[in-house]
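Chain by chain, the residues:
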Amino acid sequence: MSVQVGIIMGSKSDLHIMQDAADVFKEFGVEFEMTVVSAHRTPERMFDYAKQAAGRGLKVIIAGAGGAAHLPGMVASITVLPVIGVPVKSSNSIDGWDSILSILQMPNGIPVATVALNAAKNAGLLAVQILSTADASLAAKMQEYKDELRKKVEESAADLGG
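Think of each chain on its own: its residues are numbered from 1, step by step along the sequence as written. In view of the model being predicted, local features appear only for residues whose pLDDT reaches at least 70, and side-chain atom pairs are presented and counted only at 80 or more, with totals across whole chains, interfaces and linings using the full set of residues. Note: side-chain values were computed over all heavy atoms of the structure, leaving out hydrogens and water.

Sorry, what's going on with unusual backbone geometry here?
Most peptide bonds are trans, and most residues other than glycine sit at a negative phi. Despite not being glycine, Ala69 shows a phi value in the positive range, around 50 degrees. Only runs of H or I of at least four residues qualify as helices and only runs of E of at least two qualify as strands under DSSP, and these elements are numbered from the N terminus. Within the element layout of this structure, Ala69 appears in the loop between strand S3 (60-66) and helix H3 (71-78). In this scheme, a residue with accessible area under 20% of its type's maximum is buried, one over 50% is exposed, and one in between is partly exposed, where area comes from a 1.4 Å probe on protein chains only. The class for Ala69 is buried, based on a relative accessible area of 3%. Even without being glycine, Asn118 reaches a positive phi, approximately 65 degrees. Inspection of the secondary structure puts Asn118 in the loop between strand S5 (113-114) and helix H5 (120-132).

Below, the structure written as structure tokens:
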């Protein structure tokens, strides 16, 4: 199986957040790659990564960034692939709001799917759902995952007598 998802982050300090997406891919058996690509410190690397991603077989890119968080939007402006942005609460962040708004407020024509602050797990799950539209076995695994979530809620409700 070839690499289907690229996980990129603006700094290695974001790894503790972005690892959650990688863990989802391991659970679902999705091949992925992970690297650091900074929109501000290595713009040429970012342009090369985004331009070459589809040709290398990637289907989805997850881009995590803190602070001004331009990485997801800039990558989305270059590639035709779906990009999922993960706002990261970083040391230079304004409680994460700067990252959230930088990723969320994209201009028309350059969509970026945006998950909650530090929610790389949800980014991973969304990527699996995107991939499952063309992969029946992955769709079945996602259905099992959702069934298990439902089961846990029903068990919790039963534990509380309702």
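Resuming the write-up.
Help me understand the sheet that holds strand S2 (residues 32-36), please; the structure alone is not making it clear to me.
By definition, the strands of a sheet pair up through backbone hydrogen bonds, in either a parallel or an antiparallel sense. In this scheme, strands are said to pair when DSSP sees at least two bridges between them. Pairing is parallel in the open sheet, where five strands are placed in the order S2-S1-S3-S4-S5. Across the chains shown, the open sheet's two edge strands, defined by having one partner strand only, are S2 and S5. Judged from the five bridges that link them, strand S1 (residues 5-9) and S2 form a sheet pairing that is parallel. Its bridge partner lying in S2, Ile8 is registered against Thr35.

How should I be thinking about the pairing of strand S4 (residues 83-88) in this particular structure?
A regular strand places its side chains on the two faces of the sheet in alternate fashion. Along S4, six of the six residues are buried, which leaves the element largely enclosed by surrounding structure. Side-chain alternation along S4 places Val83, Gly85 and Pro87 on one buried face and Ile84, Val86 and Val88 on a second face that is also buried. By convention, a crossover is right-handed whenever its connection, traced from the first strand over the helix to the second and viewed with the strands pointing away, goes clockwise. You can see the chain leave S3, run along H3 and come back into S4, and the turn it takes is right-handed. Bridging between S4 and S5 involves two bridges; their strand directions are parallel. In the strand pairing of S5, Ile84 is matched with Ala113.

Is there a simple way to explain the side chain of Ser38 in this structure?
Mapping Ser38 onto the fold places it in the loop between S2 and helix H2 (43-53). Judged by relative accessible area, which is 6%, Ser38 ranks as buried. It only takes one pair of heavy atoms within 4.5 Å for two residues to be counted as in contact. Once residues lying within four places of it in the same chain are set aside, the contact partners of Ser38 are Gly10, Pro43 and Met46.

Help me understand the nonpolar core, please; the structure alone is not making it clear to me.
Throughout this description, the term nonpolar core refers to a set of buried Ala, Val, Leu, Ile, Met, Phe, Trp, Tyr and Cys residues connected via side-chain atoms within 4.5 Å. Ranked by size, the top nonpolar core spans 27 residues in total, and within it Met18, Phe25, Phe28, Val30, Ile62, Val86 and Val128 carry the most contacts. Elements with a minimum of two residues in this core: S1, helix H1 (15-28), S3, S4, H5 and helix H6 (136-159). Once residues within four sequence positions are removed from consideration, Val30 is found in contact with Gln4, Val5, Phe25, Val128, Leu131 and Leu138. Counting residues in hydrophobic clusters, the runner-up holds 19 residues, among them Tyr49, Ile61, Ala63 and Val75.

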